[in-house]
Each structure stands twice: as C-alpha cells, then as structure tokens.
Amino acid sequence: MKKIAMSLCLCCLGLEAGFTDFQTIEKAKKAYEAQEFGKSASLLRMLDKASPQKSYDLGNALYKDKKYAQALLAYEKAKGINEAQRQHNMGNVHMQSKAWDKAIEAYESALKHKDDAETKFNLDLAKKQKKKEEEKKKQEQKDDKKKDKKDEKKKDKKDEKKDGKDKKDKQKDQKKDEKKDGKKDQKSKEEKKEQDKKEKEKKNQEGKGKDKEKKDEDKKATQAQKKKSKEDKLKEQELKRLMKKMGQKQTPTMMYQMQKENKGQRSENEKPW
C-alpha cells in the first residue's frame, strides 16, 4: 500500500506555530522519523491549536502505531488537507480492518481528486480481497450445508439405530410380558387344577361318607331283617309247636268254641228262619 508521509504538513504546522509549539513539532517529527510513532502522536496531542494539519499528522502517527480506529477519527477531522492523500490513507485504514467496501469507496473517492497508480493498485487489491472473502463465505456456506447434511444423515442413522434398539427393547419387554403372562396363566391353571383336585377329593370324601352311611344303614336294615326273620322263624316254630301240641290233645279251635258259645245265646227277637 502507498507510504504515508507527514513532512509537508509538519512544515505547515511549523509556520503557524509559536516557538514552544515549534519545538514540540520538531520533536514529533524526529520521533516519527525514528519510528517512535506512539511518542510522535503524544507530542502532537500536546499542541494547543486544533487544525486539519494537526489531525492529519496525528492520523498518520496513529496509523503507523497500528491504532487504526483512532487514526480514522483523526483523518475524518482533517478535511481540506490533500484530499486525495487523506482519502487514500482512510482507504488504507479500512483495508487493515478488512472493511473492503469502505476501502473501495475511499480509494475511488481519492481517484476522483487525483489519478494515482498506487491508489488504483490498492483499489484492485481491495476488490480482489472482497471477492476472495465472498468466495470463501460461499465455500464455507457450502461446507456448512454439507456438514449439516452429514450431521443430519448421522442423526438419522443414530435415530434409526435408536428406534431399532427401542423396537428390540419393546419386543424384548413384550416377550417378557408374554412370558410373565404365560407363567401367570400357567400358575392360574395350576391353581385351578389344584382347586379342582381338592373339590374332587372333597366330593370323593363326601361320597365315601355317604357310601359309608348307606352301607351302615344297609347293614342295620340287613341286621334288622335278619333279626325279624329270626323272630318270625321263632314265632312260626312256636306256632307249629303249639299247633302240634293242640292237635295231640284234640283241643277245639277257637273258632269252634266261639260258634258254640254263640249258638247257646240266641236272641229272643231272632227269627227262626
């Protein structure tokens, strides 16, 4: 970029300054030439008189001291001092800040005041830097899009993997539940079977009790029948014995005796027919 010089303006300052200011200006010039730019800027600030020349030289010292924001403010107050050079220097400040659009504007403004090869060079450089940065941004945007797509695919795969895992876990849990339900059903079946078995045993026991009672009743009936038969048999035997005994004595039958008694006691009213 174009070299910034400040000797001419310092001379102008010296013509208008008093003896004390003249000494300060000389010290500032020597510090600038010795590349002690910070010291030069400090000495220039000590000058009481505010003028475009002072602001312009202060801007040069601050620019050399790499204090670009302060240099730009100083240049903006230096209107009317070599406008082509001032705009050129402001373009240089914007280039250092990578403000390409502002640098291009400043260089184009400088060329309107004076056709200068180095200003043209800086203008082309600013345009190239701007284009390069725009291409870089576009490439970064493309890379970001690719990265986003890649991340999205990666996320989709991760989600698919997670969904697959969740599905497997769900199936596993379902199988566990089915197995658990199966065990529960099996347990219920076993409990029902055991209950049925107990009920059956209870019925069998009740049946056995009833059978026993029936047998006891049958046994009692049989015994009673036998006893009755035995008694009947004894009675029959006794009757036979008595009949036999009566037959031997020729005892009239009870019926005969009854008829005989009735015959002797006929009623007086009884008719003879």
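This one's a predicted model, so the numbers in the text were calculated from it and none came from an experiment. (Residues numbered from 1 in each chain as written. Predicted model: local features only at pLDDT ≥ 70, side-chain atom pairs only at ≥ 80, totals over all residues. Heavy atoms only, no water.)

### So, the overall build of the protein chain
Within the protein chain, the regular secondary structure consists of nine helices and zero strands. For the protein chain, the succession of helices and strands along the chain, N to C, is α-α-α-α-α-α-α-α-α. Considering the protein chain as a whole, with its 273 residues, one finds that 22% of them fall into the buried category. A sequence separation of at least 24 residues applies to 49% of the contacts in the protein chain between residues at least 6 apart. When the accessible surface of the protein chain is totalled, it reaches about 22,800 Å², and 50% of it is carbon and sulfur. (Helix = DSSP H or I, 4+ residues; strand = E, 2+ residues; numbered from the N terminus. Buried < 20%, exposed > 50% of the residue type's maximum accessible area, 1.4 Å probe, protein only. Contact = heavy atoms within 4.5 Å. Areas by Shrake-Rupley, 256 points an atom, 1.4 Å probe, with all protein chains shown as cover.)

### What about the nonpolar core?
Counting 21 residues, the largest nonpolar core has Leu-44, Leu-58, Ala-71, Tyr-75 and Val-93 as its most contacted members. Elements supplying a minimum of two residues to this core: helix 2 (19–33), helix 3 (37–45), helix 4 (52–64), helix 5 (68–76) and helix 6 (83–96). Sorting elements by how many residues they give to this core places helix 4 first, with five residues. Apart from the residues within four sequence positions on either side, Leu-58 is in contact with Ala-41, Leu-44, Arg-45 and Ala-74. Grouped together as the second largest cluster of nonpolar side chains are seven residues, Met-95, Ala-103, Leu-123 and Ala-126 included. (Core = buried A, V, L, I, M, F, W, Y, C linked by side-chain atoms within 4.5 Å.)

### A word on the packing of helix 5 against helix 6
Two elements in contact, helix 5 and helix 6, have axes separated by 10 Å at closest approach and are oriented at 160 degrees. Our classification of the angle between helix 5 and helix 6 gives roughly antiparallel. Considering only the axes of helix 5 and helix 6, their crossing is left-handed. For the pair helix 5 and helix 6, contact is made by Tyr-68, Ala-71, Leu-72, Tyr-75 and Glu-76 and by Arg-86, Asn-89, Met-90, Val-93, His-94 and Gln-96, respectively. (Axes fitted to C-alpha atoms, helices over the stretch in contact; angles between N-to-C directions. Parallel < 35°, antiparallel > 145°, perpendicular 65-115°, else oblique. Left-handed = near helix turned anticlockwise from the far one by under 90°.)

### A few points about the packing of aromatic side chains
This structure, assessed with the given rule, holds three aromatic pairs. Relative to Phe-37, the ring of Tyr-32 lies with its centre 5.2 Å away and its plane at 75 degrees, an arrangement referred to as edge-to-face. Of the two residues examined, Tyr-32 and Phe-37, each falls in the buried class. Ring geometry for Tyr-63 against Tyr-68: centres 5.6 Å apart, planes inclined by 70 degrees, an arrangement best described as edge-to-face. Relative accessible area serves as the criterion here: at 10%, Tyr-63 is assigned to the buried category. (Phe/Tyr/Trp six-rings, centres within 6.5 Å; stacked < 30°, edge-to-face > 60°.)

### Let's talk about helix 7 (residues 100–113)
Counting along an α-helix, one turn takes 3.6 residues, and residues three or four places apart therefore face a common direction. The terminal C-alpha atoms of helix 7, which comprises 14 residues, lie 20 Å apart, in line with the 20 Å expected from a rise of 1.5 Å per residue. Listing the buried residues of helix 7 in full gives Trp-100, Ala-103, Ile-104, Ala-106, Tyr-107 and Ala-110. One side of helix 7 carries all its buried residues, which in axial view fall inside an arc of 165 degrees. Opposite the packed face of helix 7, turned more than 90 degrees from it, sit the exposed residues Lys-102, Glu-105 and Lys-112. (Expected span 1.5 Å × (residues − 1). Arc of directions from axis to C-beta.)

### Points about the layout of surface pockets
Looking at the largest pocket, its volume works out to about 160 Å³. If you trace the largest pocket, you find it lined by Lys-98, Trp-100, Gln-129, Lys-132, Glu-133, Lys-136, Lys-137 and Glu-140. Of all the elements, helix 8 (residues 117–249) adds the most residues to the lining of the largest pocket, at six residues. Residue composition of the lining of the largest pocket, by class: one nonpolar, one polar and six charged. (1 Å grid on protein atoms, 1.4 Å probe; cavity = no way out; pocket = protein on both sides within 12 Å on 5 of 7 lines; lining within 4 Å. Points joined across faces, edges and corners; volume = space filled by probe spheres on them. Nonpolar A, V, L, I, M, F, W, Y, C, P; charged D, E, K, R; others polar.)

### Description of the side chain of Ser-55
Inspection of the secondary structure assignment puts Ser-55 in helix 4. Not counting residues up to four positions away in its chain, the partners in contact with Ser-55 are Ala-74, Tyr-75, Lys-77 and Ala-78.

### With respect to the side chain of Asp-116
With respect to the secondary-structure elements, Asp-116 resides in the loop between helix 7 and helix 8. Its relative accessible area of 15% is what places Asp-116 among the buried residues. In terms of polar contacts, Asp-116 uses its side chain to reach the backbone amide nitrogen of Glu-118, at 3.2 Å. (Polar contact = N/O pair within 3.5 Å; in protein donor to acceptor, adjacent residues only side chain to side chain.)

### Details of the packing of helix 4 against helix 5
Direction vectors running N to C along helix 4 and helix 5 enclose 165 degrees, while the axes themselves pass 8 Å from each other. The orientation of helix 4 relative to helix 5 falls into the category roughly antiparallel. In terms of crossing hand, the pair formed by helix 4 and helix 5 is left-handed. Together, Ser-55, Tyr-56, Leu-58, Gly-59, Asn-60, Leu-62 and Tyr-63 of helix 4 and Tyr-68, Gln-70, Ala-71, Ala-74 and Tyr-75 of helix 5 make up the contact between the two elements. Residues that form the contact of helix 4 with helix 5 fall into these classes: eight nonpolar, four polar and no charged.

### A few points about the pattern of salt bridges
All chains considered together, the criterion is met by nine salt bridges. Put simply, Lys-120 and Asp-115 hold a salt bridge, and the shortest N to O gap is 3.0 Å. Residue class for Lys-120 comes out partly exposed when judged on its relative accessible area of 39%. Here Asp-115 falls in the exposed class, since its relative accessible area comes to 56%. In this structure, Glu-133 and Lys-137 form a salt bridge, with 3.9 Å as the shortest nitrogen-oxygen distance. Of the two residues, Glu-133 and Lys-137 are both situated in helix 8; the distance of four residues between them amounts to about one turn of the helix. Here Glu-133 falls in the partly exposed class, since its relative accessible area comes to 28%. (Salt bridge = Lys/Arg side-chain N within 4 Å of Asp/Glu carboxyl O.)

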